[in-house]
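Structural features, examined
Residues per chain are reported as follows:
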Amino acid sequence: MKRRRLVRVPASSANLGPGYDVLAAALALHLELEVEETGEFFVHSDAPGIPTDRSNLCVRAFEALRPADGLTFQIRSEIPASAGLGSSAAAIVAGLAAADHLYELDAPLFELAAELEGHPDNVAAALYGGFVICPGPGEEPVRFDPAPGLEGVLAIPNGEVATSEARAAMPDEVPVGDAVHNVGHAALLVLGLAKDDFSLIGRGLRDRVHQPRRRPLYPRSMELVERAEELGAVGATISGAGPTVLFWCHWQQTGGLVENLKTHAPDCEIRRAT
């Protein structure tokens with residue numbers, strides 16, 4: 001009997017304001033990977049520009065565990081590439097999980113995914129779902145559920161931001177005052193999420209480490225972040241390397257926020273994230 005596996009992996013938003021390389025959340029956009037033993041190697045994707053050979057990221061991740069000879073890969077994705085929504089992390093987790101389940105390997109998926117991706121936050125959210133805290137190298141992520149009533153809305157501008165460009169915009173060192181600010185506000189954010197306190201969540205989203213230094217890469221996105229409360233959200237953050245903006249809101253605000261974004265950000269694609 002030919003073996004077949006279907007895995008479904010969420011998009012993710014990393015950093016979440018002050019939590020640079022530490023905090024991330026899974027989002028309700030997904031990549032689906034179907035792997036089947038057909039006797040021939042073949043890759044099909046509904047996403048434009050995705051490689052259909054062994055350089056495909058799903059296949060590369062799969063082959064970190066087992067060869068892909070004789071297997072057919074079908075990839076369907078709602079996650080836009082190079083938008084700060086963890087498309088590469090989702091592909092890596094999907095490939096690893098498919099191989100692990102197909103061959104019952106019980107592999108250390110998080111460690112392998114973080115090594116392939118180069119940093120842990122997006123892959124942790126893609127693998128575990130919910131919100132994750134990544135304490136540091138060699139430490140397991142901690143997962144927790146979001147506050148009841150919390151919803152997210154995405155504004156996706158035209159254009160892409162390469163992760164390498166975003167990383168290059170970061171200095172080797174940051175002032176102590178900026179680091180202290182982000183530690184304090186990341187603590188407020190996590191406390192707000194734990195206590196279902198939206199005033200703390202809004203306060204906790206403020207960042208002084210990565211978003212200001214990357215502003216030249218996504219000036220339009222930063223304009224939207226700064227108008228978040230005016231548009232009807234409790235706050236907003238740049239998603240990962242950008243340029244997508246994640247607006248944070250209570251479910252009762254979501255409808256009005258979406259309408260305001262459609263009016264005031266017609267240059268962006270608007271999607272609900274939860």
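Everything here concerns the structure above.
**Structural notes on the pattern of salt bridges**
Under the criterion given, the structure shown has 17 salt bridges. Notably, a salt bridge pairs Arg143 with Asp145, separated by 2.8 Å at the nearest N-O pair. On the basis of relative accessibility, which here comes to 41%, the residue Arg143 falls in the partly exposed class. In this structure, Asp178 engages Arg213 in a salt bridge whose closest nitrogen and oxygen atoms are separated by 3.0 Å. On the criterion of sequence distance, the pair formed by Asp178 in helix α6 (residues 176–195) and Arg213 in helix α8 (residues 211–214) is long-range, its members being 35 residues apart. A residue is classified by how much of its surface remains accessible, and Arg213, at 24% relative accessible area, is partly exposed. Members of the salt-bridge network, linked through shared partners, are Arg4, Arg8, Glu32, Glu34 and Arg76.

**Some points on the packing of aromatic side chains**
For the structure on display, the rule yields six aromatic pairs. Here the aromatic rings of Phe62 and Tyr103 are separated by 6.3 Å at their centres, their planes lie at 65°, and the arrangement is edge-to-face. With Phe62 in helix α1 (residues 57–63) and Tyr103 in helix α2 (residues 87–103), this pair connects stretches of sequence that are 41 residues apart. For the residue pair Phe62 and Tyr103, the accessibility class agrees, reading buried in each case. Among the aromatic side chains, those forming a connected cluster through ring pairs are Phe41, Phe62, Phe73 and Tyr103. For the cation-ring pair, Arg54 lies above Phe41, with the distance from its terminal atom to the ring centre recorded as 4.4 Å.

**Some remarks on the side chain of Asp207**
Tracing the sequence through the fold places Asp207 in the loop between α7 (198–204) and α8. Buried charged residue Asp207 carries no salt bridge. Nearest counter-charge: Arg213, at 6.7 Å. At a separation of 3.3 Å, a polar atom in the side chain of Asp207 contacts the main-chain amide nitrogen of His210.

**Section: the side chain of Ser239**
Structurally, the position occupied by Ser239 is in the loop between β8 (235–238) and β9 (245–250). Discounting residues that sit within four places of it in the chain, Ser239 has contacts with Ser12, Ser13, Ala14, Ala83, Gly84, Leu85 and Thr244.

**Remarks on the sheet that holds β8**
In spatial order, the strands read β8-β9-β7-β10; together these four strands make up an open sheet with antiparallel pairing. Two strands lie at the open edges of the sheet, namely β8 and β10 (268–272), each paired on one side alone. Between one strand axis and the next, the sheet turns by 25° as a mean value, whatever way the strands run. Sitting on the sheet, helix α9 (residues 219–226) is in contact with β7 (150–157), β8, β9 and β10, with an inclination near 160° to β8.

Conventions and cut-offs
- Residues numbered from 1 in each chain as written.
- Predicted model: local features only at pLDDT ≥ 70, side-chain atom pairs only at ≥ 80, totals over all residues.
- Heavy atoms only, no water.
- Salt bridge = Lys/Arg side-chain N within 4 Å of Asp/Glu carboxyl O.
- Buried < 20%, exposed > 50% of the residue type's maximum accessible area, 1.4 Å probe, protein only.
- Helix = DSSP H or I, 4+ residues; strand = E, 2+ residues; numbered from the N terminus.
- Phe/Tyr/Trp six-rings, centres within 6.5 Å; stacked < 30°, edge-to-face > 60°.
- Lys NZ or Arg CZ within 6 Å of the ring centre and 35° of its normal.
- Lys, Arg positive; Asp, Glu negative; His and termini not counted.
- Polar contact = N/O pair within 3.5 Å; in protein donor to acceptor, adjacent residues only side chain to side chain.
- Contact = heavy atoms within 4.5 Å.
- Pairing = 2+ DSSP bridges.
- Axes fitted to C-alpha atoms, helices over the stretch in contact; angles between N-to-C directions.

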